[in-house]
Amino acid sequence: MRDLSRLLRPKSIAVVGGGTWCRSVIEQCEKIGFQGPLWPVHSTADHFAGHATFRAIDDLPSAPDATFIGVNRHATIDVVKSLEQRGGGGAVCFASGFLEAQAEATDGAQLQSLLLEGAGDMPIIGPNCYGVINYLDRAALWPDQHGGIKVDSGVALITQSSNIAINISMQQRGLPLAYIVTVGNQAQIGFSEIGRALLCDERVTALGLHIEGIGNIPAFEALASQARKLGKGIVAIKIGQSEQAQSATISHTASLAGSDAGARAVLQRLGIARVDSLPELLETLKLLHVYGPLTGNRVASMSCSGGEASLMADAGMSRNVVFPDLNETQKIGLRGALGSMVSLANPLDYHTYIWGNAAVMGAAFSAMMQGDLDIGCVIVDFPRSDLCSQEAWNCVLEAAEITTQNVALPLALVASLPENMPEDVAKRLMEINVIPLCGLSESLVAIEAVSLIGQSLANNPEPILQGRLPINSVLIDEADAKDCLSAFGLAVPKRKTARSRAEVLDACSDIGFPAVLKVRWLAHKSESDAVKLGLMSLEEVDKAAKKMNVEHFLLEEMVTDGICELLIGVMRDRAHGFVLTIAAGGILTELLNDQCSLMLPVDKDAVTRALDRLKIASLFNGYRGKPGVDCSSIIRAIMALQAYVLANVHEVEEIEINPLIVTLDRAIVADALIIQGEADVRRPD
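Rules of the game
- Residues numbered from 1 in each chain as written.
- Predicted model: local features only at pLDDT ≥ 70, side-chain atom pairs only at ≥ 80, totals over all residues.
- Heavy atoms only, no water.
- Salt bridge = Lys/Arg side-chain N within 4 Å of Asp/Glu carboxyl O.
- Helix = DSSP H or I, 4+ residues; strand = E, 2+ residues; numbered from the N terminus.
- Buried < 20%, exposed > 50% of the residue type's maximum accessible area, 1.4 Å probe, protein only.
- Disulfide = S-S within 2.5 Å.
- Axes fitted to C-alpha atoms, helices over the stretch in contact; angles between N-to-C directions.
- Parallel < 35°, antiparallel > 145°, perpendicular 65-115°, else oblique.
- Left-handed = near helix turned anticlockwise from the far one by under 90°.
- Contact = heavy atoms within 4.5 Å.
- Nonpolar A, V, L, I, M, F, W, Y, C, P; charged D, E, K, R; others polar.
- Pairing = 2+ DSSP bridges.
- Core = buried A, V, L, I, M, F, W, Y, C linked by side-chain atoms within 4.5 Å.
- Expected span 1.5 Å × (residues − 1).
- pLDDT = per-residue confidence, 0-100.

Enquirer: Just checking my understanding: could you explain the pattern of salt bridges for this structure?
Expert: Counted under the stated rule, the structure contains 27 salt bridges. With a closest N to O distance of 3.1 Å, Lys 286 and Glu 283 form a salt bridge. One end of the pair is Lys 286 and the other is Glu 283, both in helix H11 (residues 278–290) and 3 residues apart, which spans about a single turn. Neither residue differs from the other here; Lys 286 and Glu 283 are each classed as buried. The shortest N-O distance in the salt bridge between Lys 518 and Glu 556 comes to 3.3 Å. Taken together, the positions of Lys 518 in strand E22 (residues 515–519) and Glu 556 in strand E24 (residues 553–557) put the pair 38 residues apart, joining distant regions of the chain. The same class applies to Lys 518 and to Glu 556, which are both buried.

Written as structure tokens, this is what we have:
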């Protein structure tokens, strides 16, 4: 790992180039209060932005810790080479037109190669990015406005979008920002390496990511591992939907386990919380900054309104959070604070008659948080200061402070509307270790996300399975696919292949009835009317074969005691690794969209948890008087499927079993396909 300390925490900054962008870098450094020397480098001007200039890098008083390079892409390469030779600490490359512009500029890849060659071991961020703002040490290699201020500690954010970075810097939610870094096309340093460097700063409390693609999986695993060791949480927005999922036509697995599902599975495996919006990202980071990872998702909710209590309960239904019933200790404490007129429940409506009595409110809040809980939430919206007085709301702040003195659990004050948590109030709350959260739904997302992080801290996941990309991939037909899978322990029906109607009829004596007749060498049989179920006689088999009008058949015994059907499949996601998909099978695959995705390798415990998350999980234990299933048979089938992939890691592209018919004690492969190629010996392991 490169040493990024000089680049991220510079004591001297050089700015190479002229024009508005470079002038803005100097202005932003001065505005934020940078204490070190600023050295403009300009080939013709004697002064720039109020500073004496230097003609070249070699003319600088010493090697700069960090340099903003604001010249064109060709000149950027020469500047980087000069900085490396001078011993510079690193550079931000602002220019575009490198590999990210390959479609428009045919020399983009060549220029990027020259850029990397010129940089050598000197770290560079970009090209095609705004750069770095360090609010801890007041350094801004940043060519535009931003909304952050000096802080003593805070969260770090990395994004691949400079505009998103500016937007985040303008937030008014009270979240202290320690660093903002934009990475551009990551020619040399990826966001994982930058993230590790930021997490090493003890003043950084958490890391937020806004990313288009994960990229280097081992580097990302190293980032997650370091965060776990430091006890710091990572929250990510992963943008972009999978073209692969939209265009796949071979199997359901490919459409279910596209690149987005792969990214989600990677994040979950590594204990990185994924959120879907910038407000959710900021609120999650705020919770991590003030308190840190939660050990669970059990919430006590309090408000002085039944309407707010109901909103909280309803919002929780779509999140993985729990509002536990009140225990006797809580009830006794609440009765002492609230009297007998209040109906006690969680979420709690503590009524408005105690409003204004901070001591009683604090006693009620403290009593509510005596249960087996992970966090307490008080819903309170503050009035707008331009039209109203906030003085009557001081009692909530006083009660919150009383509560934090009485209870070790974290306490959050939650505004149901984000704009009803003023920034000055948010900062006051953080000074007394109370978490100011904006928006009910965003707050519950944050609690769910931080709970996931906390429960993952003790994990040490195996490296995600990669493997070389195969060549000459082909579709292996169902009969041969079942032979392959059967050799690894998967249960398959009795079956016979036939090359004529006569051979099909001869095979009936071995297979028996009821039977299933299928056209061989066809992936989507049901969609093509190429499968006939429940054939009970030779006549029915012959009639079905005649109607199919083909020469190659597959005759199988029909599984008649199935309780439910699953899809299990593995797809090589070239961006992330091998994605295992477990879903409702048969016709329910598309109707329910009931699925879980995991990255290989998996263990039995992970598979068990994934099965429990399916909507059809109730069928496993028996539903409406029907018998349940032995889930161990499903787990054995999935582990056998994984064993096949591990044995053919450089050849497998995709495997789908759909349906896997689950009976009382068996899990049987009713249909299967495999797309597999040859190992590419030209590629290293």
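Enquirer: In this structure, what is going on with the state of the cysteines? I would like to understand it.
Expert: By definition, a disulfide links the sulfur atoms of two cysteine residues through a covalent bond. Tallying each qualifying case throughout the model produces 0 disulfides. In this structure Cys 596 is not part of a disulfide, and its nearest cysteine sulfur, from Cys 631, lies 13 Å away.

Enquirer: It is not clear to me how the packing of helix H19 (residues 501–511) against helix H20 (residues 538–548) should be interpreted in this structure. Could you clarify?
Expert: How two helices pack is summed up by the angle between their axes together with the distance between the axes. Packing of H19 against H20 brings their axes to within 10 Å, and their N-to-C directions diverge by 150 degrees. When the axis of H19 is compared with that of H20, the two are roughly antiparallel. Seen from above, H19 lies across H20 with right-handed handedness. Of the residues in H20, those touching H19 at Arg 501, Val 504, Leu 505 and Cys 508 are Leu 538, Val 541, Asp 542, Ala 545 and Lys 546. Grouping the amino acids of the contact of H19 with H20 by side-chain chemistry returns 6 nonpolar, no polar and 3 charged.

Enquirer: Help me understand the sheet that holds strand E15 (residues 299–303) in this model?
Expert: Adjacent strands of a sheet pair through backbone hydrogen bonds, lying either parallel or antiparallel. Spatially, the 5 strands line up as an open sheet ordered E16-E15-E17-E18-E19, and their pairing is parallel. Bordering the open sheet on either side are strand E16 (348–349) and strand E19 (435–438), each of which pairs with just one other strand. Here strand E17 (residues 375–379) pairs with strand E18 (residues 411–415) via 4 bridges, running parallel. Paired with Val 378 across the two strands is Leu 413, which belongs to E18.

Enquirer: Whenever I open this one, helix H6 (residues 191–199) confuses me. Can you help?
Expert: With respect to burial, H6 is a largely interior element, 8 of its 9 residues being buried. Among the residues of H6, Phe 191, Ser 192, Glu 193, Ile 194, Gly 195, Ala 197, Leu 198 and Leu 199 are the ones counted as buried.

Enquirer: How do you make sense of the environment of Ala 399 when you look at a structure like this?
Expert: Here Ala 399 shows up in helix H15 (residues 394–406). It is 56 Å that separates the C-alpha atoms of Ala 399 and Val 41, two residues lying 358 residues apart in sequence. Among residues more than four places away in sequence, those in contact with Ala 399 are Ala 358, Met 361, Gly 362 and Phe 365.

Enquirer: Before we go on, may I ask you to explain the nonpolar core in this structure?
Expert: The nonpolar side chains of a soluble globular protein tend to be buried with one another. Core analysis: the largest hydrophobic core is formed by 105 residues, its most contacted members being Ile 158, Ile 194, Leu 198, Leu 207, Leu 209, Phe 220 and Ile 447. Top element by residues in this core is helix H17 (residues 440–456). It accounts for 8 residues. Those residues in contact with Ile 194 that lie beyond four places of it in its chain are Leu 4, Ile 125, Ile 158, Val 181, Val 183 and Ile 189. In terms of nonpolar packing, the next biggest core, distinct from the first, is built from 44 residues, Leu 490, Val 492, Val 645 and Val 662 among them.

Enquirer: Where do I start with the environment of Leu 660 in this structure?
Expert: With respect to the helices and strands, the residue Leu 660 is situated in strand E28 (residues 652–662). Since its relative accessible area comes to 0%, Leu 660 is described here as buried. As a C-alpha pair, Leu 660 and Gly 339 span 321 residues in sequence and 58 Å in three-dimensional space. When near neighbours in sequence (up to four residues on either side) are disregarded, Leu 660 contacts Cys 564, Glu 565, Leu 566, Ile 568, Ala 637, Ala 667, Ile 668 and Val 669.

Enquirer: Looking at this structure, I do not really get the environment of Leu 600. What am I missing?
Expert: In this fold, Leu 600 is placed in the loop between strand E27 (595–599) and helix H22 (604–613). Sequence separation between Leu 600 and Ala 222 is 378 residues, and the spatial gap between their C-alpha atoms is 17 Å. Non-local contacts of Leu 600, meaning those with residues more than four positions away in its chain, are made with Arg 269, Ile 464, Leu 465, Val 570, Phe 578, Leu 580, Gln 642 and Val 645.

Enquirer: Got a minute to help me understand the sheet that holds strand E23 (residues 531–535) in this structure?
Expert: A sheet is described by the order of its strands in space; here 4 strands give the open sequence E21-E24-E22-E23, paired in antiparallel fashion. Pairing within the sheet leaves two strands with one partner each, and these edge strands are strand E21 (495–498) and E23. Strand-to-strand twist across the sheet, computed as the mean angle between neighbouring axes with direction ignored, equals 15 degrees. Pairing geometry for E22 and E23, over 3 bridges, is antiparallel. Bridge assignment links Leu 517 to a residue of E23, and that residue is Lys 532. Across the sheet, H19 lies against E21, E22 and E24, angled at about 15 degrees from E24, the strand it touches most.

Enquirer: Please explain unusual backbone geometry as it appears in this structure.
Expert: For residues besides glycine, phi is generally negative; the peptide bonds are generally trans as well. That bond from Asn 346 to Pro 347 is cis: its omega, 5 degrees, falls within 30 degrees of zero. The residue Pro 347 is located in the loop between helix H13 (328–338) and E16 in this model. The phi angle at Arg 138 is positive, at roughly 60 degrees, despite the residue not being glycine. Of note, Arg 138 is situated in the loop between strand E8 (132–134) and strand E9 (139–141). With a relative accessible area of 31%, Arg 138 lands in the partly exposed category. The backbone of Asn 549 sits at a positive phi, close to 55 degrees, despite the residue not being glycine. Residue placement: Asn 549 occurs in the loop between H20 and E24.

Enquirer: Is there a simple way to think about helix H4 (residues 108–119) in this case?
Expert: Along an α-helix, residues three or four apart share an orientation, since each turn contains 3.6 residues. If you check H4, its first and last C-alpha atoms are 17 Å apart, about what 12 residues at 1.5 Å a residue would give, namely 16 Å. Next to the buried residues of H4 lie helix H3 (73–86), strand E6 (91–93) and strand E7 (124–125).

Enquirer: How should I be thinking about the confidence of the model for the protein in this particular structure?
Expert: Overall, the prediction assigns the protein a mean pLDDT of 92, with 95% of residues at 70 or greater. Within the model, the stretch residues 242–250 combines pLDDT values under 50 with 18 contacts to residues more than four positions away or in other chains. Below a pLDDT of 50 lies the segment residues 252–258, which in the model reaches 34 contacts outside its immediate sequence neighbourhood of four places, other chains included.

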